[in-house]
Amino acid sequence: MNGGRILVIATLFMLAYSMMATATDHIIFGQYLRVNEGIEINYDIKIEVVEVKEATVDSAKFRISSYMLPEKTYTVFKGDTPLKYETRDGISIYIEVISVQGKTVFFEVKGPDEWRVSNYYEFEPEEAETEAVTVPKLEIARTLDISSVQQGQTVKVTLKIKNDGNGTAKEINLDEPTIKGTYKEGCPATLDDIAAGATERVSYDLKIVDAEPGTYELTPTLLNYKSESGASYSSESSSSVLVIAAKAVSVPKLEIKITIESGDDVMICGERFPATIRIDNIGNATTGRVTTKSRLPDDLRVVDGEIDPVYESIKPGDYEEYEVMLIAYEPGKHIIEMDVLWADDEASTSAEFWAERSGFDKYYIYILAAIPILLLLLWLIKRRREYSF
Amino acid sequence: MLNILILGLGQCGNRVLDAVNREAFGSGGTFAKYYSRQKFPASVKTIAVNTAINDLKGLTDTLARDRFHVPHLHGVGANRTLGKKVFEDNKEQIMSEIDKRGSFELIFLITSAAGGSGSSFAPLLVKELKKAYNAQIICIMVLPFREEGSIFMQNTAFCIRELVEERPNGILLVDNQYLKKYAGDIKSAYDKINTTVARRVLFMIEALNSEMLMVTDLGDLKTVMNGGIGIGTMGYYEATKDGTIKSAILGSFKPSGLLFPANVYDEGARAMLIIKGDKKYLDLDLITKTVEELSTEVGQVFKGVLVKKGRPKVLSLFTLNSVPELEKLYATAANAIRFEMDKREQSKKQLDDAFAHIDELEPIY
Ligand SMILES: Nc1nc2c(ncn2[C@@H]2O[C@H](COP(=O)(O)OP(=O)(O)O)[C@@H](O)[C@H]2O)c(=O)[nH]1
Ligand SMILES: [Mg+2]
């Protein structure tokens, strides 16, 4: 087989030589090339075999390009006059198809004496163009205008549907989940066709009627649709979370606070000091009757004011405040506890302070204050000495 | 962390060292020493050494325990021969004082060349330090005002020669005469010069001890100081508001920022550039290009880039191939010595002539 091929080439070579009569006689190339193979001549002209046809008249299709000239495809028939290809600077080469077999073509290239084949190579066949199929592709996004509601309120649900495909979506069915105890007002079950690239917005009101309070997962919206060719598709939104709260009820709520007027909560035994008690209604309804109840250490006396007053009512956002004068008789830690009671609820607080024996305490404080000053002074003296020689 | 020792010898060295300690407090002002400590950019130990106790007493920001008095009560009075003898008698104490502070990779030795103590101690101390430590030794040497007199000039001449013979890693010159322009009176000129030197030394230490964008290290310093005749100086430039980094780098080569008069382009042997500033100013390509350009004129140029808040600041450090200014100084010194010698000869002759009057006479009682 191989031997035969060489023989054919040899004879053809000789034949070609004997026929040299054209203006340029130098044979630059005279060989077989397969489809998807190419040669480069004189580092410039590229000749690629694109197709080979065995028919009544055999032919081969070449793709040729060279410096500054775009590639062009030429069909050369066997036995025809050679194809003349002119480079940009006016030099011509001639291409002649000698024989064709299967996917192989034997051809000759003639041109200037000094030109040579500078490269052989293979290239990738061009992809056949596929026929375009139009496919719709719907993307759906669901948004809720609020994510937590109270019973009786309405949530606005918006569906944004975009056709990301390249074909129209038809026969679109929309399947939106339901939460028990809610009602979807104006939620369509079918949608008009959506063209490729178009975006559609649908919204409806989700009325919370008597759904149990809690956190609900709103499962994805489901879209079923068809392409123009009748194929079925579907897509889903992501799921959403909706928190439903019970209808707000108005209740009063009290808070009590004790403030003892002193810089550092140290009291002198036997000396009067004031304490302020404040009751705030931080709820959203007016209280009924409010009573207070104090629990004091044994040695603590109220010397002025009423420590357990009673109020008929406290409005929401309003407060009551009163002051009492106290005396502690024993040194040590003291804790005052207070409860405030209303309707069926109560709140409490406590405050603590130290009581010290009089007289010495004052010194004690001054001494305490003097120590850091003294230390600072010693420090400064030490530093000064470190730097004096 | 680099271990660095800074030694200040003699009055001038002590005072420059004191400025280093003061600058290391940062922007705290006069009272910083009462509440804060020096914040050196590396592990730095300082010692001020002097024979004159009053000079040591005059320091303000150097810890008392970092001031070492070499007992020769009132100094050596600009007499280098006496200074050398005092050093030899006390070198064990001096070295053990240094030794207490650990070991070091880099030692700065600051002194004037003109005085007595510093200038006579410096060469001998370099010799001792080289024996005891495997450290780089950089001498920062302050040259006198030229009008300070013939003794100072000759001290300077001999001190530099002896120092060069001991081969420290490098000598950086600071020229009082050249820097006189800083201020009208001597005292504020001294203060300004000392502060300037102190800041540059701290800048250099910071750069050598930092993780830099482009690195300079002790090895680079050694190579730079090894260039030329091993004598060099420092330059500095702080960029103006809208100057480029290139103009800042070139600025640091300008004579106006140098501590000693030199023409870096003609006389420079090797150089090191330390560039510090906000990242946004540091165009590395431009830096590299500028440094390359400089390298063609100045020889090897090392560069370090430190990213720190603020406008670009550039410190340059050179060694020189030739020092014409030093030659002038030596010529002046030689003239001074000859003049002095002649004068002494003449005085001696005058005295001899006077004595001749009583030749062969005896007192009669
Ligand atoms: N830059 C500067 N030079 C000084 C200072 N004090 C003295 N000098 C110079 O130092 C030289 C005198 O040397 P000095 O250090 O006083 O001598 P020493 O104490 O015997 O070593 C003179 O040239 C002075 O101009 C100073 O604080 N700063
Ligand atoms: Mg002095």
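Residues numbered from 1 in each chain as written. Chains lettered and ligands numbered in written order. Predicted model: local features only at pLDDT ≥ 70, side-chain atom pairs only at ≥ 80, totals over all residues. Heavy atoms only, no water.

Trainee: Can you break down the overall build of chain B residue by residue, with the values?
Mentor: For chain B, the count of helices and strands is 13 helices and 10 strands. Split into buried and exposed, the 365 residues of chain B put 53% on the buried side. Nonlocal contacts in chain B, meaning residues at least 24 apart in sequence, comprise 81% of its contacts between residues at least 6 apart. (Helix = DSSP H or I, 4+ residues; strand = E, 2+ residues; numbered from the N terminus. Buried < 20%, exposed > 50% of the residue type's maximum accessible area, 1.4 Å probe, protein only. Contact = heavy atoms within 4.5 Å.)

Trainee: Mind laying out the state of the cysteines, listing which residues take part and the relevant values?
Mentor: Tallying each qualifying case throughout the model produces zero disulfides over all chains. C139 of chain B takes part in no disulfide bond, and the closest cysteine sulfur to it belongs to C159 of chain B, at a distance of 8.6 Å. (Disulfide = S-S within 2.5 Å.)

Trainee: So, the sheet that holds strand β2 (residues 37-41) of chain A: which residues are in play, and what are the values?
Mentor: Residue and element names in this part refer to chain A. The strand order across the open sheet built from five strands is β5-β4-β3-β2-β9, with neighbouring strands paired in antiparallel fashion. Of all strands in the sheet, those with a lone pairing partner are β5 (69-77) and β9 (117-122), marking the two edges. Between one strand axis and the next, the sheet turns through 20 degrees on average, direction left out of account. Examined bridge by bridge, β2 and β9 share five bridges and lie antiparallel to one another. (Pairing = 2+ DSSP bridges. Axes fitted to C-alpha atoms, helices over the stretch in contact; angles between N-to-C directions.)

Trainee: Run through the interface of chain A and chain B, naming residues and quoting values.
Mentor: Taken together, the contact pairs nine residues of chain A with 19 residues of chain B. Both faces considered, chain A and chain B share a buried interface measuring about 1,100 Å² in area, 53% of it formed by carbon and sulfur atoms. Of all residues in chain A, the largest losses of buried area upon contact with chain B belong to R383, Y387 and F389 of chain A, amounting jointly to 72% of the total for that side. On inspection of chain A and its partner chain B, the count reaches one salt bridge. (Buried area = accessible area lost by both parts, 1.4 Å probe. Salt bridge = Lys/Arg side-chain N within 4 Å of Asp/Glu carboxyl O.)

Trainee: An account of the site of ligand 1 is requested, with residue identities and associated values reported.
Mentor: Residue and element names in this part refer to chain B. Around ligand 1, the structure places 20 residues, and the nearest of them are Q11, C12, R15, E148 and Y190. Against a free-state accessible area of 560 Å², the protein chains account for coverage of 93% of ligand 1. Mapped by element, the contributors of at least two residues to the shell around ligand 1 are α1 (10-23), α5 (117-132) and α8 (186-209). In terms of residue class, the shell around ligand 1 is built from eight nonpolar, nine polar and three charged. (Near = heavy atom within 4 Å. Areas by Shrake-Rupley, 256 points an atom, 1.4 Å probe, with all protein chains shown as cover. Nonpolar A, V, L, I, M, F, W, Y, C, P; charged D, E, K, R; others polar.)

Trainee: Before we move on, can you summarise unusual backbone geometry with the specific residues and values?
Mentor: Residue and element names in this part refer to chain A. Phi angles above zero are rare outside glycine, and N42 is one such case at about 55 degrees. One can find N42 in the loop between β2 and β3 (45-53). Here N42 falls in the partly exposed class, since its relative accessible area comes to 29%.

Trainee: How would you sum up the sheet that holds strand β6 (residues 83-86) of chain A? Please name residues and give values.
Mentor: Note: strands within a sheet are paired through backbone hydrogen bonds, in either parallel or antiparallel orientation. All names here are of chain A. Read across the sheet, four strands follow the order β1-β8-β7-β6 without closing on themselves; strand pairing throughout is antiparallel. Since the sheet does not close on itself, it has two edges, and those belong to β1 (27-34) and β6, each with one partner. Here the strands of the sheet are splayed against their neighbours by 25 degrees on average, with no regard to which way each runs. Judged from the four bridges that link them, β6 and strand β7 (residues 92-101) form a sheet pairing that is antiparallel. Considered in β7, the bridge of L83 is made with I95.

Trainee: Run through the packing of aromatic side chains, naming residues and quoting values.
Mentor: Residues and elements named next belong to chain A. Applying the stated criterion across every chain yields a total of 15 aromatic pairs over all chains. Both rings, one in F29 and one in F107, keep their centres 5.0 Å apart while their planes meet at 45 degrees; by these two values the pair is tilted. Note that F29 is positioned in strand β1 and F107 in strand β8 (residues 104-110), a separation of 78 residues in sequence. Side by side, F29 and F107 carry an identical accessibility label, which is buried. Each ring, one from Y225 and one from Y233, has its centre 5.8 Å from the other, and the planes form 25 degrees; the classification is stacked. Among the aromatic residues, those joined into a cluster by ring pairs are F29, F62, F107 and Y120. (Phe/Tyr/Trp six-rings, centres within 6.5 Å; stacked < 30°, edge-to-face > 60°.)

Trainee: Got a sec to walk through the pairing of strand β13 (residues 170-175) of chain A? Specific residues and values, please.
Mentor: All names here are of chain A. In the sheet, β13 pairs with strand β18 (residues 222-226) via four bridges, with the strands oriented antiparallel. Of the residues in β18, the one forming a bridge with L174 is L223. In the sheet, β13 pairs with strand β15 (residues 190-191) via two bridges, with the strands oriented antiparallel. What sits directly across from N173, in β15, is T190.

Trainee: Can you lay out the pairing of β18 of chain A for me, pointing to particular residues and giving the numbers?
Mentor: Residues and elements named next belong to chain A. The side-chain alternation of β18 yields one buried face, formed by L223 and Y225, and one unburied face, formed by L222, N224 and K226. Across five bridges, β18 lies against strand β19 (residues 232-236) in antiparallel orientation. By the bridge assignment, L222 is partnered in β19 with E236.

Trainee: Go over the pattern of salt bridges with me, naming the residues and quoting the values.
Mentor: Tallied over the full model, the rule gives 41 salt bridges over all chains. A salt bridge links K170 of chain A to D193 of chain A; the nearest nitrogen and oxygen atoms lie 3.3 Å apart. Highlighted residues: K170 of chain A in strand β13 and D193 of chain A in the loop between β15 and β16 (199-208), separated in sequence by 23 residues. When its relative accessible area of 41% is taken as the criterion, D193 of chain A is described as partly exposed. The salt bridge involving K91 of chain B is made with E128 of chain B; its shortest N-O contact spans 3.5 Å. In this pair, K91 of chain B is assigned in helix α4 (residues 80-99) and E128 of chain B in helix α5, connecting sequence segments 37 residues apart. E128 of chain B shares its class with K91 of chain B; the two are buried.

Trainee: So what's going on with the packing of α5 of chain B against helix α6 (residues 150-165) of chain B? Residues and values would help.
Mentor: Residues and elements named next belong to chain B. Contact geometry for α5 and α6: axes closest at 9 Å, N-to-C directions at 5 degrees. With respect to each other, α5 and α6 are oriented roughly parallel. Note on element contacts: α6 touches α5 through C159, E162 and L163, opposite S119, A122, P123 and V126. Residue classes in the contact of α5 with α6 are distributed as five nonpolar, one polar and one charged. (Parallel < 35°, antiparallel > 145°, perpendicular 65-115°, else oblique.)

Trainee: Please set out the nonpolar core residue by residue, giving values where relevant.
Mentor: Residue and element names in this part refer to chain B. By size, the foremost hydrophobic cluster in this structure holds 63 residues, and its most contacted members are L7, I98, I107, L109, L125, L129 and M141. Considering every element that reaches this core, the biggest residue donor is α5, with six residues. Among the domains, domain 1 (3-209) and domain 2 (228-320) are the pair contributing at least three residues each to this core. Excluding residues within four positions of it along the chain, L125 makes contact with L7, L9, F87, I94, M95, I98 and L109. Formed by 46 residues, the second largest nonpolar core is a distinct cluster that contains A24, V201, M234 and M272. (Core = buried A, V, L, I, M, F, W, Y, C linked by side-chain atoms within 4.5 Å. Domains from an automatic or database assignment.)

Trainee: So, the side chain of T62 of chain B: which residues are in play, and what are the values?
Mentor: Within the secondary structure, T62 of chain B is located in the loop between α3 (53-57) and β3 (67-69). Exposure remark for T62 of chain B: the relative accessible area of 0% places this residue in the buried category. Among the polar contacts listed, one links the side chain of T62 of chain B to the side chain of N21 of chain B, at a separation of 3.1 Å. Leave out the neighbours within four places in its chain, and T62 of chain B touches Y387 of chain A together with L17, D18, N21, T46 and R67 of chain B. (Polar contact = N/O pair within 3.5 Å; in protein donor to acceptor, adjacent residues only side chain to side chain.)

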